[in-house]
Amino acid sequence: QTVTDPSVYVRLPLVDEPDTALLVWTTTPWTLLANMAAAVGVDITYARVADPRIDGKDLILARERVEPLLGEGVEIIEELSGGDLIGRRYMPPFGFVESGEVGHTVRAGDFVSTEEGTGIVHLAPYGEDDMMVARRDGLPVDQMIDSTGHVVDTADGFAGMWFKDADERIVADMRARGILFHSELYEH
């Protein structure tokens, strides 16, 4: 059975370099409310490129994903290894999760691939890989969806919404704040 979900590419600016953002991809926008970290593959080569949509800003994504996502002829400003990115702190898409010492940082994930997406995986406490990294690295785990499938009261602007109904509002909110790079429908 084919399921259609919103597929979003989101800019997460680096704290110490706010003009450079990690470009992350997810087909579950509702999980961005509980973002706790971003994972990269240690052995993957990443590229810093000029953001084609915002002058003076750069994006970081897997080198192999630059052409499929941004087209041909995009200039690579710098190449980095996944290891170079580990520990870098970024600004989360939403401020609902306390970061502590290690939250909202780039972590290593052996499950990260360059087959689709950007080669940078957003982590939230809903997936097996995400929770493995959270336990290993001591990440903050804040559930933003209650046991009935509704967004918790602390998520201002989204509280009480059925989690899948929140997707559209989450995408609109990120677009309004300029951190949404691209949104489309994704069949899988």
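Heads up: the structure comes first, above all this text.
S.K.: Sorry if this is basic, but what is going on with the overall build of the protein here?
M.R.: For the protein, the helix and strand inventory stands at 4 helices and 9 strands. Walking the protein from its N terminus toward its C terminus, one meets helices and strands in the order β-β-β-β-β-α-β-α-β-β-α-α-β. Taken against the 2.2 N^0.38 rule, which gives 16 Å for 188 residues, the C-alpha radius of gyration of the protein at 16 Å falls within 12% of a compact globule. Over its C-alpha atoms, taken along the principal directions, the protein stretches across nearly 45 × 35 × 35 Å. Split into buried and exposed, the 188 residues of the protein put 49% on the buried side. Summed over all atoms, the accessible surface of the protein reaches about 9100 Å², with 47% contributed by carbon and sulfur. Each charge sign in the protein was given a centre, from 15 positive and 34 negative side chains, and these centres are 3 Å apart.

S.K.: Any chance you could explain the packing of aromatic side chains here in plain terms?
M.R.: All told, the structure shown has 7 aromatic pairs when counted by the stated rule. A ring pair is formed by Trp 30 and Phe 163, whose centres lie 4.7 Å apart and whose planes are at 70°; its orientation type is edge-to-face. Of the two residues, Trp 30 is situated in the loop between β2 (20-26) and β3 (37-40) and Phe 163 in the loop between α3 (128-137) and α4 (166-177); the sequence distance between them amounts to 133 residues. Each member of the pair, Trp 30 together with Phe 163, is buried. Relative to Phe 163, the ring of Trp 162 has its centre 4.9 Å away and its plane inclined at 55°; by these criteria the two rings are tilted. Looking at Trp 162, the relative accessible area reads 36%, which means it is partly exposed. Take Phe 163: its relative accessible area is 19%, and that puts it in the buried class.

S.K.: How should the pattern of salt bridges be read in this particular structure?
M.R.: Side-chain pairing between opposite charges can occur once the charged atoms of the two side chains come close. On inspection of all chains with the given rule, the structure shows 11 salt bridges. One salt bridge connects Arg 88 with Asp 16, and the closest N-O pair in it is separated by 3.0 Å. Taken together, the residues Arg 88 in the loop between α2 (82-85) and β7 (106-108) and Asp 16 in the loop between β1 (4-13) and β2 connect sequence positions 72 residues apart. Given a relative accessible area of 55%, Asp 16 falls into the exposed group. The closest approach of N and O atoms between Arg 107 and Asp 137, which form a salt bridge, is 3.0 Å. On the criterion of sequence distance, the pair formed by Arg 107 in strand β7 and Asp 137 in helix α3 is long-range, its members being 30 residues apart. Each member of the pair Arg 107 and Asp 137 is classed as buried. A network of salt bridges, in which partner residues are shared, links Asp 16, Glu 17, Arg 48, Glu 78 and Arg 88.

Cut-offs used in this document
Residues numbered from 1 in each chain as written. Predicted model: local features only at pLDDT ≥ 70, side-chain atom pairs only at ≥ 80, totals over all residues. Heavy atoms only, no water. Helix = DSSP H or I, 4+ residues; strand = E, 2+ residues; numbered from the N terminus. Rg over C-alpha atoms; globule rule 2.2 N^0.38 Å. Buried < 20%, exposed > 50% of the residue type's maximum accessible area, 1.4 Å probe, protein only. Areas by Shrake-Rupley, 256 points an atom, 1.4 Å probe, with all protein chains shown as cover. Lys, Arg positive; Asp, Glu negative; His and termini not counted. Charge placed at Lys NZ, Arg CZ, Asp CG, Glu CD. Phe/Tyr/Trp six-rings, centres within 6.5 Å; stacked < 30°, edge-to-face > 60°. Salt bridge = Lys/Arg side-chain N within 4 Å of Asp/Glu carboxyl O.

Taken by themselves, the reported measurements are silent on function.
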